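If you want the building blocks of each chain, they are given just below.
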2 protein chains.
Amino acid sequence: MILTVDLDNEVPIYQQLRDQVVEAIAVGELRPGSPLPATRALAADSGINFHTVNKAYDLLRREGLIRLNRKTGAVVTVPDPHPSFPADWAARAKTLLAEAVAKGMPTEELLATCRSVIDSFANNELEDNS
Amino acid sequence: MILTVDLDNEVPIYQQLRDQVVEAIAVGELRPGSPLPATRALAADSGINFHTVNKAYDLLRREGLIRLNRKTGAVVTVPDPHPSFPADWAARAKTLLAEAVAKGMPTEELLATCRSVIDSFANNELEDNS
DNA sequence: TCTTTGTTATATATGTTATACAACAAATAA
DNA sequence: TTATTTGTTGTATAACATATATAACAAAGA
C-alpha cells in the first residue's frame with residue numbers, strides 16, 4: 001500500500017490520502033481485512049503531520065470504508081452501503097457530467113470514459129487474484 | 001433562469017450557484033448568448049451578498065462558460081474546450097466512480113446511472129426546441 | 001443627469017486546513 | 001513489570017477559504 005501526497009496540489013492532503021485509499025479498494029489492491037499503514041508511520045513516510053493522516057482515516061471511517069481500533073490498526077471493512085447512497089452519488093455524478101456536457105464533450109465520449117475507468121478497476125481486480 | 005441557494009448545505013453558496021448554471025447549460029435551458037441575472041438582482045432575490053454571486057460568475061468566467069461585460073451583463077459563451085479538459089475530467093470521474101465501486105455499487109448500476117443522467121440532459125434539450 | 005451594469009478595494013467574522021506539542025488508554029513484546 | 005506501539009483526545013497556532021458589509025469607480029444607456 002503506497003500512499004503519496006502532493007503539497008502543490010489544490011486538493012487538501014487528507015482528501016488526497018482518502019481518494020487513494022478509495023481507488024485502491026475499487027481496484028482490489030485493498031480488500032476487506034487489508035491493513036492500512038499506522039497513522040504515525042504514514043505521516044513520517046509522507047513528511048506530513050499525523051493529525052492530517054488521522055483526519056483522512058476518520059473520514060474513511062465515517063464513510064464506512066475502514067474500521068479503526070488499537071489492536072489491529074486501520075482495516076478495510078466489508079462494504080455496507082446506506083440505502084440513500086445511490087441517490088446521493090447520482091446527484092454528484094449529475095454535477096460532474098453536466099460540467100463535461102456544458103464544456104462541449106460529446107456524450108458518447110463521456111460514457112466511453114466512464115466505461116473505460118470502470119473496466120480498469122475490474123481488470124486490476126483480476127490481476128490481483130493471480 | 002431560476003437560481004436558488006440552500007444555506008444549510010455544506011456546499012459553498014458560490015459553488016451551488018455555479019453548479020446550477022452548469023446544469024442549466026447542459027440541459028439546454030441556457031444556450032450560447034443566453035443572459036444570466038445581474039449580480040445585484042440575483043443577490044437580492046436569493047438573500048445573499050452580491051460578492052458571493054460575483055465569485056460564482058468569476059468562477060464560471062474562468063471555466064470559459066460565460067462572458068462578462070458592462071454592456072450585456074453575464075452571457076453564456078460558445079464552449080471552447082481546452083485540450084487538457086477530457087483528461088482532467090477523466091481523473092475526477094475516476095475518483096467519483098472509485099467511491100461507488102468501493103461502496104459496493106454494481107458496475108452496471110454505475111453505467112446505467114450515468115446513461116440515465118446524460119439522457120435526461122438530451123431530452124430536456126429537445127423539449128426546449130419546441 | 002440618473003440608473004444600471006460590472007469592477008475594485010478594504011474590513012470583519014467565521015470556518016477549514018495543516019501543523020505542533022502534549023498526554024492518555026489499550027494492546028503487545030521484551 | 002517495563003517499554004513500545006497503537007489509536008485517541010486536547011489545546012494552540014498559522015494560513016487560507018468563505019461570506020458579509022460598506023464604499024467607491026467606470027462605462028453604457030434611458
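Remember, it's a predicted structure, so these values are computed and weren't measured experimentally.

(A) Representation of the interface of chain A and chain B within the structure. Taken together, the contact pairs 39 residues of chain A with 39 residues of chain B. The contact between chain A and chain B buries some 4,200 Å² in all, and 75% of this surface belongs to carbon and sulfur atoms. For chain A, the biggest contributors to the area lost against chain B are Trp89, Glu99 and Lys103 of chain A; these three give 19% of the whole. At the boundary of chain A and chain B, one finds six salt bridges. Across the salt bridge formed by Lys94 of chain B and Glu23 of chain A, the nearest N and O atoms sit 3.6 Å from each other.

(B) Examining the domain arrangement of chain A more closely. You can read the domains of chain A as domain 1 (13–76) and domain 2 (85–129). Between the C-alpha centres of domain 1 of chain A and domain 2 of chain A the distance comes to 24 Å.

(C) Broad picture of the protein's contact with DNA strand D. Looking at DNA strand D, there are 22 residues lining it, with Arg40 and His51 of chain A together with Ile13, His51 and Thr52 of chain B nearest. Note that a base nitrogen of DNA strand D is positioned 2.8 Å from one of the side-chain N or O atoms of Arg40 of chain A. In this structure, a base nitrogen belonging to DNA strand D sits 3.4 Å away from a side-chain N or O atom of Arg70 of chain A. Put simply, the parts of the chain that give the surface near DNA strand D at least two residues each are helix H2 (39–46), helix H3 (50–62) and strand E1 (66–69) of chain A together with helix H1 (13–26) and helix H3 (50–62) of chain B. Residue contributions to the surface near DNA strand D peak at four residues, all from H3 of chain B. Here the surface near DNA strand D is composed, by residue class, of eight nonpolar, eight polar and six charged.

(D) Looking closely at the pairing of strand E2 (residues 73–76) of chain B. Residues and elements named next belong to chain B. Both strand E1 (residues 66–69) and E2 contribute to a ladder of four bridges, which runs antiparallel. In the strand pairing of E2, Asn69 is matched with Gly73. Linking two consecutive strands that pair antiparallel, namely E1 and E2, is a turn of three residues.

(E) Geometry of the protein's contact with DNA strand C. In the vicinity of DNA strand C lie 23 residues, with Ile13, Tyr14, His51 and Thr52 of chain A together with His51 of chain B positioned nearest. Contact between DNA strand C and Asn49 of chain A: a phosphate oxygen at 3.3 Å from a main-chain N or O atom of the residue. Side-chain polar atom of Arg40 of chain B to a base nitrogen of DNA strand C: 2.8 Å apart, as the coordinates give it. Elements with a minimum of two residues in the surface near DNA strand C: helix H1 (13–26) and H3 of chain A together with helix H2 (39–46), H3, E1 and E2 of chain B. The biggest single contributor to the surface near DNA strand C is H3 of chain A, with four residues. Class assignment of the residues belonging to the surface near DNA strand C gives a composition of nine nonpolar, eight polar and six charged.

(F) Spatial organisation of the relation of the copies chain A and chain B. Mapping chain A onto chain B calls for a rotation angle of 180 degrees and an axial translation of 0.0 Å; the resulting RMSD is 0.0 Å. The transformation just described matches what one would write down for a two-fold rotation axis. Among all C-alpha atoms of chain A, that of Leu111 of chain A lies closest to the rotation axis, at 3.8 Å.

So, how was this worked out
Residues numbered from 1 in each chain as written. Chains lettered and ligands numbered in written order. Predicted model: local features only at pLDDT ≥ 70, side-chain atom pairs only at ≥ 80, totals over all residues. Heavy atoms only, no water. Contact = heavy atoms within 4.5 Å. Buried area = accessible area lost by both parts, 1.4 Å probe. Salt bridge = Lys/Arg side-chain N within 4 Å of Asp/Glu carboxyl O. Domains from an automatic or database assignment. Near = heavy atom within 4 Å. Polar contact = N/O pair within 3.5 Å; in protein donor to acceptor, adjacent residues only side chain to side chain. Helix = DSSP H or I, 4+ residues; strand = E, 2+ residues; numbered from the N terminus. Nonpolar A, V, L, I, M, F, W, Y, C, P; charged D, E, K, R; others polar. Pairing = 2+ DSSP bridges. Least-squares fit on C-alpha atoms with pLDDT ≥ 70 in both.

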